[in-house]
Amino acid sequence: GTSKHSGKIITSRLHQGDGGSSAAMAAIKHRRTALERVEKFISDTYFTDCNLRGRLFGDRCPLASLSYFQTPRRIPYEEAVVQEFGPAQVGQSFGPTWETCWFKVELSIPSAWAGREVHFVWESDGEGMVWRDAQPVQGLTKEGEKTSYILTRSLKESEPHSLTLYVELACNGLFGAGKGSMIAPPDPDRRVTLSKAELVVFNRDVYELLVDLEILLDMAQLLGEENQRSFQALYTANQMVNVCDVMDPSTFPATRDLAAAIFSQRNGESQHTVHAMGHCHIDSAWLWPYEETIRKCARSWVTVVQLMEHNPELTFACSQAQQFEWVRRSYPGLYARIQDFVAKGQFIPVGGTWVEMDGNLPSGESMVRQFLQGQRFFQEQFGRICSEFWLPDTFGYSAQLPQLMHGCGIQRFLTQKLSWNLVNSFPHHTFFWEGIDGSQVLTHFPPGDSYGMHGRVEEVLKTVKNNKDKGRVNHSAFLFGFGDGGGGPTQKMLDRMKRMSDTDGLPRVQISTPDQLFSVLEKESSQLCTWVGELFLELHNGTYTTQAQIKKGNRECEQILHDVEVLSTLAVAQDKEFQYPASQLQQLWRLLLLNQFHDVLPGSCIQLVVEDALQYYTGEQGAWLAGPSRVGASPAWWGCRGSNPGTQSTLVLNTLSWERTEVISRPGPNGKETLGMSDLGVALVSEFLTEGETANREMLCLFLPWGRALESIANGCANQFALFDDVPLYWDAWDVMDYHLETRKPVTTMLKPLEVTLAGGLRGSVRFSLKVGKSSTLTQEIILDAMCPYLRFQTQVEWKEAHKFLKVEFPVNVRSTSATYEIQFGHLQRPTHWNTSWDWARFEVWAHKWLDLSEHGFGVALLNNCKYGASVHRNILSLSLLRAPKSPDSTADIGLHQFTYAVMPHQGSFQEAGVIQQAYSLNFPLHVVPASCAPCPAWSAFSVSSPAIVLETVKQAAQHSAVVVRLYEAHGSTVTAWLQTSLPVKKAMLCDLLERPVGWGLSLEKQGLRLSFTPFRVLSVLLVLSC
Ligand SMILES: [Zn+2]
């Protein structure tokens, strides 16, 4: 019985085996041992003496010579190569941080290596760039898996065996030089070590087998035991190890055939398609300064171009016009090669903006300019504008963006940052995003939750598994390439994905373009859902407050550029001699837009970047003082001809489109006086009213020394400062966590008691000082002007805290379940309660110039001149004032701060009460200019008939000899309004945000131009003047 039985087993085993040969008997293939056997076969740690990985490189040969010179500056090649080079060695260290070493590399390839692929291998922890024949040819960055430069793919006798290369080595890593952790402040004394510099023979056939085995091993491990493909991949890999003799390359083709057989087993028609696109996220400044980014772009992009030359299928999506402009100026040879690949459709400009800006804090006009400067650049340089907005890494997205995209020729949007939400998982990856005006854009989040994929099996599987809209659409984006600090795609990433192009069990992976992806998504869009309102990132909410000086510089420069454009445009209309400062304005706008980059304006950058940013702002302010302020100083432009030296008068310029009555300061015996104002335009005032309405002293008197109770509106302590512990989980400059609210301490220590500084008349004011925290002081002047509906808090803080958060609170007698916050060209509501996780995740939010809490008939608004962080919980309005994070800038926010906020109780709705206009007035002070000319009538350049309409922008059109006027509906209403102007308008037409005419011309009627608005509609009008 027994022997007969075993005989059957043997027979059946013979049937299942490979023909009965005793050497190839089918093994048991225990899953774990088979997996680990393959792992060890390709391991770069274990058994490299006998495994396949150990055979990747053949013979090696030292360099003929290596020498270097070092400089603290980032200098051009021509300047570098004429320096004196001293000897350098492998193993040597260079530094300190931010220095640059230029290496002269002389090499000689042994002639015995004929027919072999030869690499120049360079390993260091700095960022290198290879120069050959005076051109950059490739980046060499170990962290970006680029450590070898291919000298020849097959050494021919005819080619030169000896040559000289230069390596430009930046003494910083891909992520700067953080001391101890990535986001820690940079270590100023870090040194980079050159650990390898030599020539090697590269065994391409070994490399290909390694990639095959890696993919099969990943399939075996990741597809899981419930999937038969997992076992098929494992058994194939195991069989390849059997067939492959690492010492005998003649066994390699048969080994590769086994892999090819399984990779070529195709999917069914229904399989998901992954649209792979090369990408390289380069932060325009972050843990390194702007200057280094220029070189990061060059290192990353030259490597991309070089890859494209050998991989004609490679596509690369590249955003940020500023970075193209940097490379155009500093690397013209490389730029020309990039232009060639743009023309071929491989190097693909995307995004349409000047930089990948912060998505919350820039004003509406700034966002328009991001697109205007960006799209115009792409049009000029590459002959086309971008058709998708590209902002993968920004910390939240304003609900105004869909309309702005539409106005700039864009109806598609890509990001992935909401995958960072700490509380709620965003329910879509492909959807229509609808803004506050109803505009919709097709939006896609790459479902792998990253913009820096490496072409791994795990990532393509995650892309499908994680996709919340699978079943609705069958396509996803997959952005591959090292990112943040640059780096970009590698050959290996491409080689991995080639194997996965259509392999049963894995999604199809095709090299694609943003246009191909969005086009197919548009076709499949019938089942897609719509998300209405902002895309709020439930993380990084400290970035509305961190680096207060950067925020203040942003707001001030937005105001300055607004005023310069308005006044320059009016000056042109008044005086043909006046030159509109177009190129100067373009330069200033570009600096402001650059500082709106998503690690600069949010304040999440190192100290070096902060210094640069503040210097750019100072330059803008300086340019204003040196140039366009003269506009205001020349009464001739305002129709006040004929100077009269004997007459002392005052010229007042109002750059907003409504009448203003404000107390202004004028030097003179009478001190502060009041005057009336016209609409946007000029008033020349020589007779001041000395008796105006008296400031409401009663309102001031209600303020107690601290926790001043504004009893008419509050039942608690209004203007209450509160200090919070502010220790996030990791991202110090970025995050304020929910638990900080549990550490609230009211600020109550008086340094100087309340004193009356101005007793009344046109202006009344009081002043006091508080001690804040351990050693910070706060001095505040509370000012109430006659006829002014708000109380102004002019604040100065000497801030010396660590990990503290200062806010000011206004509890008010208002009950409402939602509060209103100003955003770009409009406003939106957010809840005042914490019902659901979506509600309480917004414990710290952002606003622009105002926020408001109203019930029917009454409300209180909080205005500010340079703050963005805010919240309203129940009946308490809070404005976030200062933070004190220590990473990545240990000096963040330490020092003197000056800012102003205001509280405005009002009857009726905030719209009826003019909160929007008052917030503008606080941010756009009247320009008061002494003049010496005879009194002349005030005149108004523009006015609008409806209080719902804000005239935001007046500028010269870029490509027409015309004036652009931009207006928006601010109340959330449907309204028809008349735009009146005293400028000599010959022709008027609507245009889009890129200033391209749209639709029919507008007819000029007696009342002006008739404009129709729907809620939050932004309209731009081109005015052709007859002068
Ligand atoms: Zn980024």
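Model, not experiment: these values are computed from the prediction.

(A) Layout of the pattern of salt bridges. Summed over the entire model, instances satisfying the criterion amount to 47 salt bridges. With a closest N to O distance of 2.9 Å, Arg328 and Glu325 form a salt bridge. Pair noted here: Arg328 and Glu325 are both in helix H8 (residues 321-330), with a separation of three residues, about one helical turn. Among the ionic pairs, Arg369 bridges to Glu365, the shortest N-O distance being 2.7 Å. Placement of the pair is Arg369 and Glu365 together in helix H10 (residues 364-382), with a separation of four residues, close to one helical turn.

(B) Examining the nonpolar core more closely. If you look at the biggest cluster of nonpolar residues, it comprises 215 residues, and the most contacted ones within it are Leu52, Trp301, Phe324, Phe347, Leu806 and Tyr901. In terms of residue count, the dominant contributor to this core is helix H4 (residues 204-222) (eleven residues). What Trp301 contacts, discounting residues up to four positions off in sequence, is Ile282, Phe316, Cys318, Gln323, Phe324, Val327, Leu334, Ile338 and Phe347.

(C) Highlighting the sheet that holds strand S3 (residues 86-87). Strand order in the open sheet formed by six strands is S3-S2-S5-S10-S7-S8, and the pairing between neighbours is antiparallel. Edge positions in the sheet fall to S3 and strand S8 (135-141), since each has one partner strand and no second. With two bridges joining them, strand S2 (residues 65-71) and S3 adopt antiparallel strand pairing. Pairing of Ser67 across the sheet is with Pro87, part of S3. Strand contacts of helix H7 (residues 290-310): strand S5 (100-108), strand S7 (127-132), S8 and strand S10 (162-170), with the helix running at about 100° to S8, the strand carrying the most contacts.

(D) Looking closely at the environment of Phe389. You can see Phe389 is positioned in strand S15 (residues 389-390). A C-alpha to C-alpha distance of 6.6 Å links Phe389 and Ile410, two positions 21 residues apart in sequence. Ignoring sequence-local partners within four residues, the contact set of Phe389 consists of Gly351, Thr353, Met357, Phe371, Leu401, Met405, Ile410, Arg412, Phe413 and Leu414.

(E) Highlighting the coordination of the zinc ion. Coordination of the zinc ion by the protein involves His281 (NE2), Asp283 (OD), Asp393 (OD) and His598 (NE2), with metal-donor separations of 1.9 to 2.1 Å. Classification of the site at the zinc ion as irregular follows from its four donor atoms and the range of 88 to 158° in their angles at the metal. Donor residues for the zinc ion sit on one chain with the sequence pattern H-x1-D-x109-D-x204-H. With Asp393 in the loop between S15 and helix H11 (401-407) and His598 in the loop between helix H16 (582-595) and helix H17 (607-626), the pair connects residues that are 205 residues apart, well separated along the chain. For the pair Asp393 and His598, one class covers both residues: buried.

(F) Focus on the sheet that holds strand S47 (residues 997-1002). Taken together, five strands build an open sheet; the order of strands is S43-S44-S50-S46-S47 and the sheet is antiparallel. Only two strands of the sheet have a single neighbouring strand rather than two, namely strand S43 (949-956) and S47. Across the sheet, the mean angle separating the axes of adjacent strands is 25° when strand polarity is ignored. Where strand S46 (residues 985-991) lies against S47, three bridges are found, and the strand directions are antiparallel. Note that in S47 the partner of Ala988 across the bridge is Leu1002.

(G) Spotlight on the pairing of strand S38 (residues 869-873). Judged by how many residues are buried, S38 sits mostly within the fold: four of five residues are covered. Strand direction decides the pairing type here: strand S35 (residues 845-846) and S38, joined by two bridges, are antiparallel. Note that in S38 the partner of Val845 across the bridge is Ala870. Relative to strand S39 (residues 876-882), S38 is paired through four bridges, and the arrangement is antiparallel.

(H) Representation of the packing of aromatic side chains in the model. Across all of its chains, the model carries 49 aromatic pairs by this definition. When the ring of Tyr77 is compared with that of Trp131, the centres are 5.0 Å apart and the planes differ by 25°; the resulting orientation is stacked. A residue pair is termed long-range when its members are at least 10 positions apart, and Tyr77 in helix H3 (residues 77-81) and Trp131 in strand S7 qualify at 54 residues. Tyr77 gets classed as buried once you look at its relative accessible area, which sits at 11%. Members of the aromatic cluster, each reached through a chain of ring pairs, are Trp301, Phe316, Phe324, Tyr335, Phe347, Trp354, Phe377, Phe378 and Phe382. Arg204 extends its terminal NZ or CZ atom over the ring of Tyr207, reaching a point 5.3 Å from the ring centre. Across the ring face of Trp420, the terminal group of Lys417 is positioned such that the distance to the ring centre comes to 3.3 Å.

(I) Main features of the pairing of strand S36 (residues 850-855). Of all six residues in S36, five are buried, a share of seventy percent or more. The sheet contact formed by strand S33 (residues 818-823) and S36 spans two bridges and is antiparallel. Considered in S36, the bridge of Tyr821 is made with Leu851. Pairing of S36 with strand S37 (residues 858-864) involves six bridges; the strand directions are antiparallel. Opposite Leu853, over in S37, you have Val860 as the bridge partner. As consecutive antiparallel partners, S36 and S37 are separated by two residues, and within that stretch Gly857 has a phi angle of approximately 90°, a positive value.

(J) A nonpolar patch on the surface, seen in detail. A grouping of Leu422, Val423, Leu729, Tyr730, Tyr739, Trp834 and Trp840 is seen on the molecular surface, where their side chains present a nonpolar patch of about 670 Å² in accessible area. Inspection of the secondary structure puts Trp834 in the loop between strand S34 (826-831) and helix H20 (837-840).

The rules behind these values
Residues numbered from 1 in each chain as written. Predicted model: local features only at pLDDT ≥ 70, side-chain atom pairs only at ≥ 80, totals over all residues. Heavy atoms only, no water. Salt bridge = Lys/Arg side-chain N within 4 Å of Asp/Glu carboxyl O. Helix = DSSP H or I, 4+ residues; strand = E, 2+ residues; numbered from the N terminus. Core = buried A, V, L, I, M, F, W, Y, C linked by side-chain atoms within 4.5 Å. Buried < 20%, exposed > 50% of the residue type's maximum accessible area, 1.4 Å probe, protein only. Contact = heavy atoms within 4.5 Å. Pairing = 2+ DSSP bridges. Axes fitted to C-alpha atoms, helices over the stretch in contact; angles between N-to-C directions. Donors = N, O, S within 2.8 Å, 3.2 Å for Na, K, Ca; no water. Tetrahedral: all angles 85-135°; square planar, octahedral: opposite > 155°, others 65-115°. Phe/Tyr/Trp six-rings, centres within 6.5 Å; stacked < 30°, edge-to-face > 60°. Lys NZ or Arg CZ within 6 Å of the ring centre and 35° of its normal. Patch = residues over 30% accessible without salt bridge, like charges linked within 9 Å, V, L, I, M, F, W, Y side chains within 5 Å. Areas by Shrake-Rupley, 256 points an atom, 1.4 Å probe, with all protein chains shown as cover.

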